[in-house]
Amino acid sequence: MRHLIDITDLSQPELDSLLDLASEIIENPGKCADACKGKKLAALFFEPSTRTRLSFEAAMLDLGGSVIGFSDGGSSSAAKGESVADTVRTVGCYADIIAMRHPKEGAPLLASRHAGVPVINAGDGGHNHPTQTLADLLTIKREKGRLGSLNIGFCGDLKFGRTVHSLITALSRYEGIALTLISPKELPVPEYLKASVIEKNNMPFTETVDMEAALPELDILYMTRVQKERFFNEADYIRLKDRFILDAYKMKNARPDMSVMHPLPRVNEISVKVDDDPRACYFKQVLNGKFIRMALILTLLEVLS
Ligand code: CP
């Protein structure tokens, strides 16, 4: 049985096949309309979500399957003290596949050992978010036509931003990726990621607090919000939250073909005026997220039409 807990659970050929399958579905949306008839997805969300939960649900419905689950752990028996292990063992009796978001890092991994059905990590604390990474890779491939030879700037909360951690890990497998890490000094990429992924794979990288100086060199700017829910001290959050704001004026210094990405939700870090710029890709990421999750469900359930 296959799970997706960490993006490295997928081999390079498997990753490429998923991206190809998602592109096929985009070209021919009716292709898999009944592929998951009779199958159920359980969406177990112990943390808030708009895109990830609803795109998983939309993906399964578009595959002809059905969905069960909850969007608030407080409405489940976890509120009475039930363990993650018992919760997923129970849900595995009702569903064919589980997508789980949890504030505790490692909870989906633990779930995968007890569920009896495939488990997908839909985001665990400040750790990983592999299906967002799949959506990001699909977006990069469709926008740039390649997944290598790119200078990618990551900007914002690189410490707690789990989408950043998963995407950097995935990009480490491709040739010619250079990283520009733009963050406040208090929110850098974690040391473990720097040592075990960036330096281990000899990825060229620079760290800076100067977004405007970095901007003209980038092929892609991946913005992130400061992750309020991970702060222990609200004063620190308030001090850091608006440190980087991308606006139409700053976009004048970016390359004419630079893509602006953001996993969303956005707070203030991208001005809404940038939304009309053809370089803004973040709502394309949202849509790509549904198609790549369709491809993932088909693959993990081994239901390929
Ligand atoms: N990108 C993302 O994970 O969004 P949600 O928190 O809305 O699911």
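Residues numbered from 1 in each chain as written. Predicted model: local features only at pLDDT ≥ 70, side-chain atom pairs only at ≥ 80, totals over all residues. Heavy atoms only, no water.

At their nearest, the axes of helix α2 (residues 51-62) and helix α11 (residues 282-300) sit 8 Å apart, and the two run at 55° to each other. Comparing the axis directions of α2 and α11 gives the class oblique. Crossing handedness for the pair α2 and α11: right-handed. Contacts between α2 and α11 involve Arg 51, Thr 52, Ser 55, Phe 56, Ala 58, Ala 59, Met 60 and Asp 62 from the first element and Val 286, Gly 289, Lys 290, Arg 293, Met 294 and Ile 297 from the second. Grouping the amino acids of the contact of α2 with α11 by side-chain chemistry returns 7 nonpolar, 3 polar and 4 charged. (Axes fitted to C-alpha atoms, helices over the stretch in contact; angles between N-to-C directions. Helix = DSSP H or I, 4+ residues; strand = E, 2+ residues; numbered from the N terminus. Parallel < 35°, antiparallel > 145°, perpendicular 65-115°, else oblique. Left-handed = near helix turned anticlockwise from the far one by under 90°. Contact = heavy atoms within 4.5 Å. Nonpolar A, V, L, I, M, F, W, Y, C, P; charged D, E, K, R; others polar.)

Our focus in this paragraph is the domain arrangement of the chain. Annotation of the chain at the domain level lists domain 1 (7-129 + 287-301) and domain 2 (131-285). For domain 1 versus domain 2, the distance between C-alpha centres works out to 25 Å. Listed by partner, the interface residues are 35 residues for domain 1 and 29 residues for domain 2. Across the domain 1 to domain 2 interface the summed buried area is about 2,500 Å²; carbon plus sulfur atoms make up 52%. When the buried surface of domain 1 facing domain 2 is broken down by residue, Ile 7, His 129 and Asn 288 rank first, second and third, together holding 26% of it. Inspection of the region where domain 1 meets domain 2 yields 3 salt bridges. A salt bridge links Glu 47 to Arg 162; its shortest N-O distance comes to 3.3 Å. (Domains from an automatic or database assignment. Buried area = accessible area lost by both parts, 1.4 Å probe. Salt bridge = Lys/Arg side-chain N within 4 Å of Asp/Glu carboxyl O.)

Here the focus is the side chain of Thr 163. The residue Thr 163 is located in helix α6 (residues 162-171) in this model. The exposure class of Thr 163 is buried, given its relative accessible area of 9%. Polar side-chain contacts of Thr 163 include one of 3.3 Å to the side chain of Tyr 222. Among residues more than four places away in sequence, those in contact with Thr 163 are His 129, Gln 132, Thr 133, Tyr 222, Thr 224 and Pro 263. (Buried < 20%, exposed > 50% of the residue type's maximum accessible area, 1.4 Å probe, protein only. Polar contact = N/O pair within 3.5 Å; in protein donor to acceptor, adjacent residues only side chain to side chain.)

Spatially, the 5 strands line up as an open sheet ordered β7-β6-β5-β8-β9, and their pairing is parallel. Of all strands in the sheet, those bounded by a partner on one side alone are β7 (205-208) and β9 (259-261). Averaged over neighbouring strand pairs, the angle between their axes works out to 15° when direction is ignored. Where strand β8 (residues 220-223) and β9 come together, 3 bridges link them in parallel fashion. Residue pairing in the sheet places Leu 221 in a bridge with Val 260 of β9. Here α6 sits on the sheet and contacts β5 (150-155), β6 (177-182) and β8; the angle it forms with β5, its principal contact strand, is near 165°. (Pairing = 2+ DSSP bridges.)

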